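# Reading the structure
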Amino acid sequence: MDNNQKTQKNNKKFARLEKEAKKSREERISIPNTLPAIAMRSNMVIFPNTVVPFYVGREKSLMALEYAMEKTNNLVFVVNQKDPAVENPTEKDLHKIGTIVRIIQVGKLPDETFKVLVEGITRAKWNKNVGEKFFEFELEILRARYGKSKRLVALMRMVKEELHKYVQYSRKIPPETLMLLEDVDNADVFADIAASLCPGSIEEKQELLEIVHPANRLEKILDILARETELLEIEQQLDQKVKERIEKTQREYYLREKLRVIRDELGGEEDIEIKEIKEKIESGNYPEYVKEKAQAELLRLEKMSPYAPEANVIRTYLDWILNLPWYDKTEDAVDISQAEEVLEEDHYGLEEPKKRILEYLATRKLSDKAKAPIICFVGPPGVGKTSLAKSVARAMNRKFGRMSLGGLRDEAEIRGHRRTYVGAMPGRIMQLIRKLGVKNPVILLDEIDKMGISFQGDPASALLEVLDPEQNKDFVDHYIEVPYDLSEVLFVTTANIIYTIPPALRDRMEVIEISSYTDIEKFHIAKNHIIPKISEELTEAKTKVFTFKDTAIKKIINDYTMEPGVRELERQLRSVVRKATLEFTKTGKSVTITPEKVVEYLGPEKLREEDRLEKPLAGIATGLAWTPVGGTTLYVESALIPGNGGLIITGQLGDVMKESVRIALSLARKICGDEYSEKFTKHDIHIHVPEGAVPKDGPSAGITITTALVSVVKDIPVRNDIAMTGEITLRGRVLPVGGIKEKVLAAYRKGIRNVILPKKNEVDLEKIPADVRKNMNFNFVETIDDVLEVALCETREQNRKPKNRKTNKSRERGTREDNSKAK
């Protein structure tokens, strides 16, 4: 008789004995109403009708165990803790239902704990703890009341089948264990044994223990077994798929190696992939050094396993160098008139950039050796720098690519990563060139003034080689590792400000300034470009949805926008169009947009009249300032306050502007002379520049501050229809300043038609659009006396102090003579 037959015989014998013992167990064992209790914190639940071991180590549990063996005929009540982590549980930490067990055997372990083998007798519910040193509960025995039915028999069969399925998938339960259930026909005993074999969490096991009726218990067991069996089936399927995949990979590897050996023995055909790469190298149009590099890498690939990690790196590298456009390029457009027509069609104004592009095209028409210029468009946001670069590509019949440099901090974005790094790739310039498929595209490097520096390197320094016509013909990307000719690429860069670009990088570019648009230019852009583009989007409309009156466009420009570009103008136009479209859908009639409709759609004007000086005032002068987004007007306010000659400066002025204030104060004392000396000594002078939250700096407000000081001391109003800019010296000389075009356009937008400029800035008038120049009155000055003569309202002074006016004129003539001598 073999071991399996012996095991089956023993299991049947045990089941028969268990059945007989169940009938007389409770009769033979007298269970008292009060029993010592052991709190279980192991990941197990003891069920009635089962024999299991557990470990006891806590002092209270040992005392309860000893008491049970001495006083209660080896009977003890075991109940599980709600939280096994609690070291010293109270009644609140215990479940209400546990199992009365009989101690069969106790053994001491080397670590001073005890291993206890127990037999589950019956489930019970504790009501009250009467023990002091350990748990001792008053118990209520829970007996199931039921009759044998077909439903119970069916449930027992289904549980048995599910357990057989579970055992087939899981190795946790040996198949011989199921023999315990074969001859058990008592539903209560069957349910307890099945619950002990059933998988599940400790909470689910406790729930099974608390279910008294065997039918309900068997249903719960079925639910748990069905769930666990389904999960095991899924796990087995996944394991099978993984196993098949591994076997397939190993099989392919074995066959490939076998094929390689056979090929080496016969000197036969090469690998298909390697053969294709060889043919591409031989038939492709590549420089000689590229072919040598590709053949060397291919030789390495042939010698290594196709599944080696390095093999994929080499394949990717070969794919890159063999797919770069080493000689492919587009033919430049040589028809200058057509190129000019394209530029005029896409943009209104911008004469200087258009002129520079046409000059380059004319040079290319006569000589193919002309180097592509590195052009940098500098100007405020919204003036068309990016779109102009697209127009350049269209005019030259070249492909266009854009790369944003804003916030770029990693040098590898320009030069690429070395192949030693995991996931290495070429730089974004080489990626663009491969994407475009030609070696002479127009590449826009957008926002070049907004690059950063970090521990990963300085991308601005990496661009030095890219943007140098003398060096970029041999540009080496860290990933490609061979020189690539970038000399035929037309690089166009854009920036809002020039001073944040490193000097070495700025020196390599030809800077073309694009200034703010005038109101007339905005009107033409809106009418000829923006509104037609918006109209094209309404393709579903069969009739014309809206019509703009010229006066409505001008009202939006003058009363709802104040910007150097046209982005806000486009937003306002789109807002008007949306509301007009809504009206069209309701009425079915085309909408004519008039100034009145603009107010109805957009609400009250955003630019209020109080922003402009309504009348001449003493102590307030209008200055002109330059900002990164265009020019603006700047009011300088001065006031005399009773005091002792102090100076108060407010408006968040920078150090340079504070120095201009002190120079202006000294010069004002000199101009006003002894007649007004008491005003300087008996008053504090307060200089304020409004919009205090905005930082301001620079020397160009010198003549404005001086004019405001002289005005408030002499009580002469400053003309409200004039604006000025210029640096002042202690001798009263007016020095030239920058940003003249932006400043004049700012005055023009504000409706100020008289401007005071330094004499040496007269050459800058050529940059101002002709339609603005003809509507402006420019006063060029060399000294502060010239400024005061134009800026101050003389009528009021003559009426109040005719004698003093003559004295002041004499003094002013003396100042001019002193200045001429100084010159």
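This is a predicted model, so every value here is computed, not measured. (Residues numbered from 1 in each chain as written. Predicted model: local features only at pLDDT ≥ 70, side-chain atom pairs only at ≥ 80, totals over all residues. Heavy atoms only, no water.)

### Remarks on the overall build of the chain
Each helix and strand counted, the chain has 28 helices and 26 strands in total. Restricting the contact set of the chain to residue pairs at least 6 apart, pairs at least 24 apart contribute 73%. (Helix = DSSP H or I, 4+ residues; strand = E, 2+ residues; numbered from the N terminus. Contact = heavy atoms within 4.5 Å.)

### Notes on the sheet that holds strand E8 (residues 400-404)
Taken in spatial order, the five strands make up an open sheet running E8-E9-E12-E7-E13, and their pairing is parallel. The sheet is open, and its two edges are formed by E8 and strand E13 (510-513), each paired on a single side. Neighbour-to-neighbour, the strand axes of this sheet turn through a mean angle of 20 degrees, independent of strand direction. Sheet analysis places strand E9 (residues 442-446) next to strand E12 (residues 490-495), joined by four bridges and oriented parallel. (Pairing = 2+ DSSP bridges. Axes fitted to C-alpha atoms, helices over the stretch in contact; angles between N-to-C directions.)

### Some points on helix H15 (residues 459-466)
Counting buried positions over the eight residues of H15 gives six, a clear majority of the element. Among all positions in H15, only Pro-459, Ala-460, Ala-462, Leu-463, Glu-465 and Val-466 are buried. Tucked into the core, H15 has its buried residues touching helix H13 (412-415), helix H14 (428-436), E9, strand E10 (475-476), E12 and helix H16 (503-506). (Buried < 20%, exposed > 50% of the residue type's maximum accessible area, 1.4 Å probe, protein only.)

### A few points about a nonpolar patch on the surface
Together, Leu-231, Ile-234 and Leu-238 make up a nonpolar patch on the protein surface, roughly 260 Å² of accessible area in all. Inspection of the secondary structure assignment puts Leu-231 in helix H6 (residues 214-266). Taking the relative accessible area as the measure of exposure, Leu-231 reaches 42% and is therefore partly exposed. (Patch = residues over 30% accessible without salt bridge, like charges linked within 9 Å, V, L, I, M, F, W, Y side chains within 5 Å. Areas by Shrake-Rupley, 256 points an atom, 1.4 Å probe, with all protein chains shown as cover. Salt bridge = Lys/Arg side-chain N within 4 Å of Asp/Glu carboxyl O.)

### Comments concerning the pattern of salt bridges
Tallying each qualifying case throughout the model produces 41 salt bridges. With a closest N to O distance of 2.9 Å, Glu-537 and Arg-574 form a salt bridge. Within this pair, whereas Glu-537 is found in helix H17 (residues 519-537), its partner Arg-574 is found in helix H19 (residues 567-587), the two being separated by 37 residues in sequence. Here the residues in one salt-bridge network are Lys-293, Glu-297, Arg-300, Glu-310, Arg-419 and Glu-481, joined through shared partners.

### Points about the packing of helix H21 (residues 655-672) against helix H23 (residues 702-714)
Contact geometry for H21 and H23: axes closest at 9 Å, N-to-C directions at 45 degrees. Considered as vectors, H21 and H23 are oriented oblique to each other. Where H21 crosses over H23, the two elements pack in a sense that is right-handed. Where H21 approaches H23, its residues Ser-660, Val-661, Ala-664, Leu-665, Leu-667, Ala-668, Ile-671 and Cys-672 are matched on the opposing element by Gly-702, Ile-705, Thr-706, Leu-709, Val-710, Val-713 and Lys-714. When the residues that make up the contact of H21 with H23 are grouped by side-chain class, the tally is 11 nonpolar, three polar and one charged. (Parallel < 35°, antiparallel > 145°, perpendicular 65-115°, else oblique. Left-handed = near helix turned anticlockwise from the far one by under 90°. Nonpolar A, V, L, I, M, F, W, Y, C, P; charged D, E, K, R; others polar.)

### Here we look at the packing of aromatic side chains
Evaluated as defined, the whole model comprises nine aromatic pairs. Relative to Tyr-484, the ring of Trp-326 lies with its centre 5.1 Å away and its plane at 55 degrees, an arrangement referred to as tilted. Taken together, the residues span a long stretch of sequence, with Trp-326 in the loop between helix H9 (309-323) and helix H10 (336-346) and Tyr-484 in strand E11 (residues 483-484) at a distance of 158 residues. Pairwise contacts between aromatic rings join Phe-77, Trp-126, Phe-135 and Phe-137 into one cluster. Sitting above the plane of the Phe-135 ring, Lys-60 keeps its charged end 5.7 Å from the centroid. The ring of Tyr-317 carries the charged tip of Arg-419 above its face, separated from the ring centre by 3.8 Å. (Phe/Tyr/Trp six-rings, centres within 6.5 Å; stacked < 30°, edge-to-face > 60°. Lys NZ or Arg CZ within 6 Å of the ring centre and 35° of its normal.)

### Some words on the environment of Arg-415
On the secondary structure map, Arg-415 appears in helix H13. Taking the C-alpha atoms as reference, Arg-415 lies 9.9 Å from Glu-465; in sequence the two are 50 residues apart. Beyond its immediate stretch of four places on either side in the chain, Arg-415 contacts Gly-427, Ala-462, Glu-465, Phe-475, Val-476, Asp-477, His-478 and Tyr-479.

### Some remarks on the pairing of strand E5 (residues 114-129)
Both strand E2 (residues 51-56) and E5 contribute to a ladder of six bridges, which runs antiparallel. When the bridges of E5 are listed, Val-51 appears paired with Glu-119. The hairpin turn running from strand E4 (residues 97-108) into E5, its antiparallel successor, is five residues long, and Glu-112 in that turn takes a positive phi close to 70 degrees. Taken together, the five bridges between E5 and strand E6 (residues 136-141) define a ladder with antiparallel strand orientation. Residue Lys-125 lies in a different strand from E6, and its bridge partner there is Glu-140. Where E5 folds back on E6, the antiparallel hairpin that results is connected by six residues.

### Quick look at unusual backbone geometry
For residues besides glycine, phi is generally negative; the peptide bonds are generally trans as well. The residue Glu-112 is not glycine, and still its phi comes out positive at about 70 degrees. A positive phi angle, near 55 degrees, is found at Gln-652, a position not held by glycine. Looking at the secondary structure, you find Gln-652 in the loop between strand E19 (647-650) and H21.

### Structural notes on helix H12 (residues 385-396)
Side chains that are three or four residues apart share a direction in an α-helix, a result of its 3.6 residues per turn. If you check H12, its first and last C-alpha atoms are 17 Å apart, about what 12 residues at 1.5 Å a residue would give, namely 16 Å. Of the surrounding elements, those touching the buried residues of H12 are H10, helix H11 (351-366), strand E7 (375-378), E8, E9 and E12. Just downstream of H12 lies Asn-397, where phi reads positive at about 60 degrees. (Expected span 1.5 Å × (residues − 1).)

### Thoughts on the confidence of the model for the chain
Chain-level pLDDT for the chain is 81 on average; 89% of the residues reach the 70-or-more range. Within the chain, helix H28 (residues 802-822) has the poorest average pLDDT of any element, 37, and strand E25 (residues 754-758) the best, 94. Confidence drops under a pLDDT of 50 for residues 10-27, and excluding neighbours within four residues, the segment shows 21 contacts in the predicted structure. Low confidence marks residues 795-823, where pLDDT is under 50. Its contacts with residues over four positions away, or in another chain, come to 29 contacts. (pLDDT = per-residue confidence, 0-100.)

### As for the environment of Tyr-676
With respect to the helices and strands, the residue Tyr-676 is situated in the loop between H21 and helix H22 (677-681). Residue class for Tyr-676 comes out buried when judged on its relative accessible area of 3%. Residues Tyr-676 and Lys-714, 38 residues apart in the sequence, show an inter-C-alpha distance of 7.5 Å.

### Considerations on the packing of H19 against helix H20 (residues 595-602)
Two elements in contact, H19 and H20, have axes separated by 10 Å at closest approach and are oriented at 95 degrees. With respect to H20, the element H19 is oriented roughly perpendicular. Residues Gln-572, Ser-575, Val-576, Lys-579, Ala-580 and Glu-583 of H19 pack against Lys-597, Tyr-601 and Leu-602 of H20. Across the contact of H19 with H20, the residue classes tally to four nonpolar, two polar and three charged.

### Looking at the environment of Lys-554
Its place among the elements puts Lys-554 in helix H18 (residues 550-560). By relative accessible area, which is 43% here, Lys-554 ends up partly exposed. Between the C-alpha atom of Lys-554 and that of Ile-520, which follows or precedes it by 34 residues, the distance is 8.7 Å.

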